[in-house]
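Here are the chains, one letter per residue:
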Number of protein chains: 2
Amino acid sequence: MTPPRKAAATRKSRPPGQGRKPAISRQDVVDAALKLLGPHRSVATLSLREVARAANIAPNSFYRQFKSIDDLAVALIEQAGESLRDIIWKARSRITEGESVIRTSVETFLQQLQSDQHYLHLLLREGAVGSAAFKHAVERQLEFFEKELQIDLIRLASASKTPIHNADLVSRAITRLVFSMATSAVELPATLHPKLIDDTTEMINMIMVGTQTLAQSQK
Amino acid sequence: MTPPRKAAATRKSRPPGQGRKPAISRQDVVDAALKLLGPHRSVATLSLREVARAANIAPNSFYRQFKSIDDLAVALIEQAGESLRDIIWKARSRITEGESVIRTSVETFLQQLQSDQHYLHLLLREGAVGSAAFKHAVERQLEFFEKELQIDLIRLASASKTPIHNADLVSRAITRLVFSMATSAVELPATLHPKLIDDTTEMINMIMVGTQTLAQSQK
DNA sequence: GCTATTAATATACAACTGTATTTTATTTCG
DNA sequence: CGAAATAAAATACAGTTGTATATTAATAGC
């Protein structure tokens, strides 16, 4: 379908001198890889030739876009991160009502996971396997998530006069928890998703109550 | 009356009919695979031939011990689970003092991770990639961990008169958190481990305070 | 000793992998 | 146009993979 957003031009567009016009773009290769992947297929199992086949290019043409499969994987992760940031944004815009911030966010997150352009799964599962560059790329995206969450938490705290203790740890813990639970969701039948949402919400709630209690007792 | 019998074989003792004596055991193959693995090598990258080579057997002899590489992987996970249970036991025996239960446990966990017989890493990282059987095996070991933790939590709660709310969710959340943080530890230089222990301890502390506060407010 | 039974190896094969080298196609500029 | 430059494909190669089939080795019971 439509890739969520055009990837920021990581490569500067070369000055169009003379020569043959490129027939395929980096994004074409990424899209081909994405078609191969899915909730149950790991990026580690992709071979260069297979991706090239899916993109309808000769094996060697792959090298013109990426220097290796790992390079491709990193690009995939970065796009997944963008997709994730979209989701956060969506969740935020759905709040504002009198509803529970936590629950709404968790729901949005898991809904997006189901609708699935194969993006999120990469971030969920593959942070601990693969090349160093790959792992680092995943770590970076998670940190973005944590950062944004932390800002939200602080804003929320000052708005509702409920103090917060160690906002950085809170956001980190919540991030880890949500990602871990979401990973389980992928393997679960959809009928159990509501319970998983309940559970996750409750876990986060514990952390929030905990940090608030600690903040008050230290005042 | 019972005739003296030879001690039970390691795994499946096959009825000792006639025929050639086995030269290698399942465990030999597992050990060979373990030597290949390590904190930065995923089980997904093991090939049957490579394992056979490491075990000094012909590729086809592998099939006598395991029906596939996935089968081997499941066996690895189960042994990792046993190792994990040893760690828990060790952590428990180190408590009893007046020290913090949480901190001592987290410390023991991470120390074991460093000393490393390559076992734990499997459980930490690979729960979301690989075959369905493999993922299920990992999930099962994590559930063991959760179960034991839950029992501990309940015992602790009734001993210290501090009530606990949703002990199952608490143990699940803590398990996920610890595993996630431990996964990060593997990639981190050892100098940062103390901070990571501090952080993890604090996160767990938040959850504990949260559940206790909730339990009291609901009384 | 002979034979049945099992264990392990040897050989073979087709498929696939990553990449080096060569060839062809297409475009732009002088 | 023709030359230069670039993109893509074609060809080739050495390596690995999983497994099917056939062969050899060793043991236990008769």
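Residues numbered from 1 in each chain as written. Chains lettered and ligands numbered in written order. Predicted model: local features only at pLDDT ≥ 70, side-chain atom pairs only at ≥ 80, totals over all residues. Heavy atoms only, no water.

Please set out the overall build of chain A residue by residue, giving values where relevant.
Counting secondary structure elements, chain A contains nine helices and zero strands. The linear arrangement of helices and strands in chain A, starting from the amino end, is α-α-α-α-α-α-α-α-α. Along the three orthogonal principal directions, the C-alpha set of chain A runs to about 70 × 40 × 35 Å. Put simply, 67% of the contacts in chain A that link residues at least 6 apart link residues at least 24 apart. Just so you have it, chain A exposes about 11800 Å², and 55% of that area is on carbon and sulfur atoms. The averaged location of the 23 negative side-chain charges in chain A is 9 Å from the averaged location of its 29 positive side-chain charges. (Helix = DSSP H or I, 4+ residues; strand = E, 2+ residues; numbered from the N terminus. Contact = heavy atoms within 4.5 Å. Areas by Shrake-Rupley, 256 points an atom, 1.4 Å probe, with all protein chains shown as cover. Lys, Arg positive; Asp, Glu negative; His and termini not counted. Charge placed at Lys NZ, Arg CZ, Asp CG, Glu CD.)

Residue-level account of the side chain of His193 of chain B, with values.
All names here are of chain B. Looking at the secondary structure, you find His193 in helix 9 (residues 193-217). Looking at His193, its side chain comes within polar contact range of the main-chain oxygen of Ala185, at 3.2 Å. Non-local contacts of His193, meaning those with residues more than four positions away in its chain, are made with Gln114, Ala185 and Leu188. (Polar contact = N/O pair within 3.5 Å; in protein donor to acceptor, adjacent residues only side chain to side chain.)

So what's going on with the protein's contact with DNA strand D? Which residues, and what values?
The immediate surroundings of DNA strand D are formed by 27 residues, with Ala23 of chain A together with Arg49, Arg53, Asn60 and Tyr63 of chain B found nearest. When atoms of DNA strand D within 4 Å of the protein are split into backbone and base, the sugar-phosphate part holds 63%. At 2.4 Å, a side-chain N or O of Arg49 of chain B approaches a base nitrogen of DNA strand D. A total of three residues in the surface near DNA strand D trace back to one element, the largest contributor, which is helix 2 (residues 48-54) of chain B. Of the residues in the surface near DNA strand D, the class split is eight nonpolar, 10 polar and nine charged. (Near = heavy atom within 4 Å. Nonpolar A, V, L, I, M, F, W, Y, C, P; charged D, E, K, R; others polar.)

Can you tell me about the nonpolar core, naming the residues and giving the values?
Core analysis: the biggest nonpolar cluster contains 123 residues, and Leu76, Phe109 and Leu110 of chain A together with Leu76, Phe109 and Leu110 of chain B have the highest contact counts within it. In this structure, Leu76 of chain B is in contact with Val30, Ala33, Leu34, Leu37, Val43, Tyr119 and Leu122 of chain B, ignoring residues within four places of it in sequence. (Core = buried A, V, L, I, M, F, W, Y, C linked by side-chain atoms within 4.5 Å. Buried < 20%, exposed > 50% of the residue type's maximum accessible area, 1.4 Å probe, protein only.)

Describe the packing of aromatic side chains, naming the residues involved and giving the relevant values.
Inspection of the entire model under this criterion finds 10 aromatic pairs over all chains. Ring centres 5.8 Å apart and planes at 40° place the aromatic pair Phe62 of chain B and Phe66 of chain B in the tilted group. The residues Phe62 of chain B and Phe66 of chain B share a single accessibility class, namely buried. Put simply, the rings of Phe62, Tyr63 and Phe66 of chain A touch in pairs and so form one group of aromatic residues. (Phe/Tyr/Trp six-rings, centres within 6.5 Å; stacked < 30°, edge-to-face > 60°.)

Break down the environment of Ser93 of chain A for me, with residues and values.
Residue and element names in this part refer to chain A. By the element assignment, Ser93 lies in helix 4 (residues 69-94). Note on Ser93: relative accessible area 44%, which makes it partly exposed. Placed 95 residues apart in sequence, Ser93 and Leu188 show a C-alpha to C-alpha distance of 28 Å. Side-chain polar atoms of Ser93 contact the backbone oxygen of Lys90, separated by 2.8 Å.

Lay out the relation of the copies chain B and chain A in plain terms, naming residues and giving numbers.
Rotating chain B by 180° about the axis while translating it 0.0 Å along that axis superimposes it on chain A, leaving an RMSD of 0.1 Å. Here the two chains are linked by the operation of a two-fold rotation axis. Of every C-alpha in chain B, the one belonging to Gly210 of chain B sits nearest the axis of rotation, 1.8 Å from it. Most of the interface of chain B is mirrored in chain A: 100% of its interface residues are interface residues there too. (Least-squares fit on C-alpha atoms with pLDDT ≥ 70 in both.)

How would you explain the interface of chain B and chain A if you had to name every residue and give the values?
With 32 residues of chain B at the contact, the number on the chain A side is 32 residues. Both faces considered, chain B and chain A share a buried interface measuring about 2800 Å² in area, 68% of it formed by carbon and sulfur atoms. It is Leu169, Arg176 and Met206 of chain B in chain B that bury the most area against chain A; as a group they hold 22% of the surface buried on that side. Our count for the contact surface shared by chain B and chain A stands at four salt bridges. Across the pair Glu187 of chain B and Lys135 of chain A runs a salt bridge whose closest N-O atoms are separated by 3.3 Å. Counting the contacts that link chain B with chain A gives nine residue pairs in polar contact (both at pLDDT 80 or more). Of the residues assigned to the side of chain B that touches chain A, the class counts are 12 nonpolar, 11 polar and nine charged. (Buried area = accessible area lost by both parts, 1.4 Å probe. Salt bridge = Lys/Arg side-chain N within 4 Å of Asp/Glu carboxyl O.)

Could you give an account of unusual backbone geometry, naming the residues involved and the relevant values?
Unusually for a residue other than glycine, Lys161 of chain A sits at a positive phi of about 60°. Relative to the helices and strands, Lys161 of chain A resides in the loop between helix 7 (132-160) and helix 8 (167-187). Residue Asn166 of chain B is not a glycine yet carries a positive backbone phi of 55°. In this structure, Asn166 of chain B sits in the loop between helix 7 (132-160) and helix 8 (167-187). Taking the relative accessible area as the measure of exposure, Asn166 of chain B reaches 31% and is therefore partly exposed.

Could you give an account of the protein's contact with DNA strand C, with specific residues and numbers?
Near DNA strand C, the surroundings consist of 27 residues, among which Arg49, Asn60 and Tyr63 of chain A together with Ala23 and Arg64 of chain B are the closest. Leu48 of chain A has a polar backbone atom sitting 2.8 Å from a phosphate oxygen of DNA strand C. A distance of 2.9 Å is found between a phosphate oxygen of DNA strand C and a backbone nitrogen or oxygen belonging to Ile24 of chain B. Split into classes, the residues belonging to the surface near DNA strand C amount to eight nonpolar, 10 polar and nine charged.

Account for the side chain of Ser171 of chain B, with residues named and values stated.
Relative to the assigned elements, Ser171 of chain B resides in helix 8. Leaving out residues up to four positions away in the same chain, Ser171 of chain B has contacts with Glu146, Leu149, Gln150 and Leu153 of chain B.

Which residues make up the pattern of salt bridges, and what values do they have?
Residues and elements named next belong to chain A. Summed over all chains, the structure comprises 22 salt bridges over all chains. A salt bridge links Arg103 to Glu107; its shortest N-O distance comes to 3.7 Å. Taken together, the residues span about one helical turn, with Arg103 and Glu107 both in helix 5 (residues 101-115) at a distance of four residues. Accessibility expressed as a relative area gives 29% for Arg103, which makes it partly exposed. According to the relative accessible area criterion, Glu107 is partly exposed, its value standing at 23%. Across the pair Lys195 and Asp199 runs a salt bridge, and its minimum N-O distance is 3.0 Å. You can see Lys195 and its partner Asp199 sitting in helix 9 (residues 193-217), four residues apart, about one turn around the helix.

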